[in-house]
Amino acid sequence: MIAALRSDMVSGLLLIGAALVAMIWANSSLAGSYEALRTFAFGPAGLHLRLTVQEWAADGLLTVFFFIVGNELKQELVHGELRDPRRAMLPIVAALGGVAVPAAVFLAVNAGSGGEAARGWGIPMATDIAFALAVLAIVGRRLPTPLRTFLLTLATVDDVCAVIVIAVGYTADLNLAALVMAAAGLAGWAWLQYGRDRAAAGLRSRVTGRLLQGPFAVLIWVLVHGSGVHATVAGVAMGLLMRTRARDGETTSPSHRAEEALRPVSSGLVLPVFALMSAGISLSGAGGFWSSTITWGVLAGLIGGKLIGVFGASWLVARFTSAHLNPQLSWIDIAGLGVLASIGFTISLLFAELSYTSQAHLTQAKGAILLASAVACVLGAVVLGLRNRNRE
């Protein structure tokens, strides 16, 4: 069971299943119980942690997912594709194009809109790696391994860009004291990784260091949350500080141990619960959906902007620099990945929650995200499925 939760396909199917349950539940005769559940608040008010179930899922559980993103990026920087700038340039620039172009498309569509409509420019930036890898796993069994590596690198850089945007663009009422203490907590986290856990300190010291990581992680999360910066940023920061090399007496590094322990939790609990609490959209409240610039901004940004940004940036950097496409890949493969990158489910939903206070705007944005992600799943499966068949 645990091994299955590490599978890209299983992770994606659980995410899809949770989203479908949320949609059915929110539009059934039990819709009242769904709303009551996700708006139920609990937690210590004195620490500003009396949050709704939906907020706990977005601010708390999703931090685990972002920790894995940061940890994965660290592994890529030290051991993987991102270690070699020449090999990493193409997917990195593709990711940046896939961030900038969709945001620009959304802003262009909403240029004449008043109020908070334009605040959702971050929504079409994000790629849902769980969904995208699941589609790739289903339809791309014979596709070359570099295709998955390209997508993984692109989506990881994409997610880090999203975190930076959240930290800078969606932070209000910054509490500097809490932020300084959070930075001190991160320094302590780094010390646990690189200082205390030295082979010379002995097994007891290493075990003690591991036991301290849980309380340290919670403390850092509380401080980042209290600082006004979105709490998921704490996950990425801790992930980036993980040690990726094993020392004497260790069979594996802390980074890989954390990956092994937390990926099933992310796939089997974190992402499905977040989808369940965020994807439930009442269709009765979707009035004006097709006439909304928010709807069309999200659809155009995700479906068109992502493809243009990923493919266009990749082609330009390959055309005018020393970077080159992997010999096992073709440009139609990159186009297929550009379509898969249009699946913006998890982080796009988070951006929608951060962008809009109006329920009508939130419903339009979430509905467009779900529609765009469904279209991208189908189109990506068709394009890469045809490539897969041609390679048989």
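Residues numbered from 1 in each chain as written. Predicted model: local features only at pLDDT ≥ 70, side-chain atom pairs only at ≥ 80, totals over all residues. Heavy atoms only, no water.

For the rest of this paragraph, the subject is the overall build of the protein chain. The secondary structure content of the protein chain amounts to 14 helices and 2 strands. Against the 2.2 N^0.38 benchmark of 21 Å for 392 residues, the protein chain shows a C-alpha radius of gyration of 21 Å, consistent with a compact globule. Summarising its shape, the C-alpha atoms of the protein chain cover approximately 65 × 55 × 40 Å along the three principal directions. Put simply, the protein chain has 392 residues, and 52% of those count as buried. Considering only contacts in the protein chain between residues 6 or more positions apart, those separated by 24 or more positions represent 80%. Surface summary for the protein chain: the accessible area is close to 16,700 Å², and the carbon and sulfur share equals 68%. Where the 27 positive side-chain charges of the protein chain centre and where its 21 negative ones centre are 7 Å apart. (Helix = DSSP H or I, 4+ residues; strand = E, 2+ residues; numbered from the N terminus. Rg over C-alpha atoms; globule rule 2.2 N^0.38 Å. Buried < 20%, exposed > 50% of the residue type's maximum accessible area, 1.4 Å probe, protein only. Contact = heavy atoms within 4.5 Å. Areas by Shrake-Rupley, 256 points an atom, 1.4 Å probe, with all protein chains shown as cover. Lys, Arg positive; Asp, Glu negative; His and termini not counted. Charge placed at Lys NZ, Arg CZ, Asp CG, Glu CD.)

Attention shifts here to the environment of Thr 295. Of note, Thr 295 is situated in helix α11 (residues 293-320). For Thr 295, a relative accessible area of 0% corresponds to the buried category. C-alpha of Thr 295 to C-alpha of Ala 372: the two residues are 77 residues apart in sequence and 9.8 Å apart in space. The residues contacting Thr 295, other than those within four sequence positions of it, are Phe 289, Gln 364 and Ala 368.

At a minimum axis separation of 6 Å, helix α3 (residues 53-79) and helix α9 (residues 232-240) run at an interaxial angle of 25°. Judged by the angle between their axes, α3 and α9 are roughly parallel. The handedness of the crossing between α3 and α9 comes out as right-handed. Mapping the contact onto sequence places Ala 58, Asp 59, Leu 62, Thr 63, Phe 66, Phe 67, Gly 70, Asn 71, Leu 73 and Lys 74 in α3 and Thr 232, Gly 235, Val 236, Met 238, Gly 239 and Leu 240 in α9. Across the contact of α3 with α9, the residue classes break down as 8 nonpolar, 6 polar and 2 charged. (Axes fitted to C-alpha atoms, helices over the stretch in contact; angles between N-to-C directions. Parallel < 35°, antiparallel > 145°, perpendicular 65-115°, else oblique. Left-handed = near helix turned anticlockwise from the far one by under 90°. Nonpolar A, V, L, I, M, F, W, Y, C, P; charged D, E, K, R; others polar.)

The interhelical angle for the contact between helix α1 (residues 8-26) and helix α5 (residues 129-139), taken along N-to-C directions, is 125°, at an axis separation of 7 Å. Relative to α5, α1 is oriented oblique. Crossing hand, α1 versus α5: left-handed. Only Ala 130, Phe 131, Leu 133, Ala 134, Ala 137 and Ile 138 of α5 make contact with α1, whose side of the interface consists of Asp 8, Met 9, Ser 11, Gly 12, Leu 15 and Ile 16. Residue classes in the contact of α1 with α5 are distributed as 9 nonpolar, 2 polar and 1 charged.

Moving on, we get to the confidence of the model for the protein chain. Should pLDDT be low for a region, the predicted coordinates there are not to be read in detail. Averaged over all residues, the pLDDT of the protein chain equals 85, while 93% of them reach at least 70. A low-confidence stretch, residues 197-201 stays under pLDDT 50, and its non-local contacts, those more than four residues away or across chains, total 12 contacts. (pLDDT = per-residue confidence, 0-100.)

It is worth spelling out a nonpolar patch on the surface at this point. Judged by side-chain polarity, Met 9, Leu 13, Ile 16, Leu 20, Ile 24 and Ile 138 come together as a nonpolar surface patch covering roughly 520 Å² of accessible area. In terms of residues, the nonpolar patch owes the most to one element, α1, which gives 5 residues. Counting through the fold element by element, Leu 20 comes out in helix α1. (Patch = residues over 30% accessible without salt bridge, like charges linked within 9 Å, V, L, I, M, F, W, Y side chains within 5 Å. Salt bridge = Lys/Arg side-chain N within 4 Å of Asp/Glu carboxyl O.)

Formed by 103 residues in total, the largest nonpolar core has its most connected members in Phe 65, Leu 340 and Phe 345. Considering every element that reaches this core, the biggest residue donor is helix α6 (residues 145-169), with 13 residues. Not counting residues up to four positions away in its chain, the partners in contact with Phe 65 are Ile 129, Asp 159, Ser 266, Val 270, Leu 271 and Ile 347. Judged by nonpolar contacts, the second largest core, of 5 residues, contains Leu 49, Leu 51, Trp 56 and Ala 231. (Core = buried A, V, L, I, M, F, W, Y, C linked by side-chain atoms within 4.5 Å.)

The geometry of an aromatic ring pair comes down to the distance between the two centres and the angle between the two planes. Applying the stated criterion across every chain, the model contains 9 aromatic pairs. Relative to Phe 42, the ring of Phe 40 lies with its centre 6.2 Å away and its plane at 25°, an arrangement referred to as stacked. Given the relative accessible area of 49%, Phe 40 is considered partly exposed. Relative to Trp 331, the ring of Phe 311 lies with its centre 5.7 Å away and its plane at 70°, an arrangement referred to as edge-to-face. With a gap of 20 residues between them, Phe 311 in helix α11 and Trp 331 in helix α12 (residues 331-340) connect regions that are remote in the sequence. According to the relative accessible area criterion, Trp 331 is partly exposed, its value standing at 27%. Counting every residue linked through ring pairs, the aromatic cluster contains Phe 40, Phe 42, Trp 56 and Trp 221. Directly above the ring of Phe 320 sits Arg 319, whose terminal nitrogen or CZ lies 5.0 Å from the centroid. (Phe/Tyr/Trp six-rings, centres within 6.5 Å; stacked < 30°, edge-to-face > 60°. Lys NZ or Arg CZ within 6 Å of the ring centre and 35° of its normal.)

With respect to the helices, strands and loops of the structure, Gly 98 is situated in helix α4 (residues 85-109). For the pair Gly 98 and Gly 338, spaced 240 residues apart in the sequence, the C-alpha separation amounts to 8.0 Å. Excluding residues that lie within four positions of it along the chain, Gly 98 makes contacts with Pro 124, Met 125, Lys 306, Gly 309 and Val 310.

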